[in-house]
Amino acid sequence: MNKTDRRAQRTQTLLMNALVDLSLNKGYDSITIRDLTESANIAYSTFFRHYRSKDDLLRELLHNVTQDFKSLIKGNPHPSANSEGYMIFQLVDKNRAFFRVLFSSQGTSAVIHDIQEEVVADVLAMHNFPADSPVPPEIQANHMISSIFALIRWWLEHDTPYTIERMGTIYTQLILANIFGNKQLS
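Here the structure is a predicted model, which means the values were calculated and not measured.

(A) Up close: helix α2 (residues 33-40). By the burial criterion, the buried members of α2 are Ile33, Asp35, Leu36, Thr37 and Ala40. Note on α2: the residue one or two positions beyond its end, Asn41, has a positive phi of about 60°.

Right, here's the structure in full:
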């Protein structure tokens, strides 16, 4: 990797960290690009070499975390389905500040919607939903992802009262068992 790439990555990382920190302190909706560049200690014009808006910056940050998230929601549930839930909540815990911003700001709802649609499409491509279900697969996939997001939001809003391990079990029983059935999870 050359020096320019490292500088660009460093700038992007500084901006992403500034976005998360400022969002937690000021709220996403009230942050300006000037706030971001001052917090990241970069020139105002530098921001626009990387992003068109703060929503683009949020989308890239979300894209990075979403790639990890999507890789965890793969394949059909199997005996170790609890581990899928564990890994999801481990990812959320590792990126706790980011997820708090994502789920607590009204200005992020369009970004959440876009990412939810992307993840739903991936889930439809990766999972074999029960053929005998009266509920169409696209509704099952949307329900699954909406439920995962709601469970993550609840856990964060209540200051993570349960361990990551327990949330993995809750995820398996509350979400996967309702879609795929308990017999496939045991």
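(B) Representation of helix α8 (residues 137-157) within the structure. Between its first and last C-alpha, α8 extends 30 Å over 21 residues, near the 30 Å set by a 1.5 Å rise per residue. Residues of α8 that are buried include every one of Gln140, Ala141, Met144, Ile145, Ser147, Ile148, Phe149, Leu151, Ile152, Trp155 and Leu156, and no others. Following α8 by one or two positions, Asp159 adopts a phi angle in the positive range, close to 55°.

(C) View of the pattern of salt bridges. A full pass over the atoms with the stated rule returns 5 salt bridges. The closest approach of N and O atoms between Asp56 and Arg52, which form a salt bridge, is 2.9 Å. Under the relative-accessibility criterion, Asp56 is labelled buried at 19%. For Arg52, a relative accessible area of 69% puts it in the exposed group. Residue Asp114 pairs with Arg59 through a salt bridge whose shortest N-O separation is 3.0 Å. Taken together, the residues span a long stretch of sequence, with Asp114 in helix α7 (residues 109-126) and Arg59 in helix α4 (residues 54-72) at a distance of 55 residues.

(D) The arrangement of the side chain of Gln116 in detail. The topology assignment puts Gln116 in helix α7. For Gln116, a relative accessible area of 14% puts it in the buried group. Among all residues touching Gln116, those that are not within four sequence positions of it are Asn142, Ile145, Ser146 and Phe149.

(E) A look at the packing of helix α6 (residues 96-104) against α8. As a packed pair, α6 and α8 sit with axes 10 Å apart at the nearest point and diverge in direction by 110°. With respect to α8, the element α6 is oriented roughly perpendicular. Here Arg96, Phe99, Arg100 and Phe103 of α6 come into contact with α8, specifically with Phe149, Ile152, Arg153 and Leu156. Along the lines of polarity and charge, the residues of the contact of α6 with α8 split into 5 nonpolar, no polar and 3 charged.

Definitions and cut-offs
- Residues numbered from 1 in each chain as written.
- Predicted model: local features only at pLDDT ≥ 70, side-chain atom pairs only at ≥ 80, totals over all residues.
- Heavy atoms only, no water.
- Buried < 20%, exposed > 50% of the residue type's maximum accessible area, 1.4 Å probe, protein only.
- Helix = DSSP H or I, 4+ residues; strand = E, 2+ residues; numbered from the N terminus.
- Expected span 1.5 Å × (residues − 1).
- Salt bridge = Lys/Arg side-chain N within 4 Å of Asp/Glu carboxyl O.
- Contact = heavy atoms within 4.5 Å.
- Axes fitted to C-alpha atoms, helices over the stretch in contact; angles between N-to-C directions.
- Parallel < 35°, antiparallel > 145°, perpendicular 65-115°, else oblique.
- Nonpolar A, V, L, I, M, F, W, Y, C, P; charged D, E, K, R; others polar.

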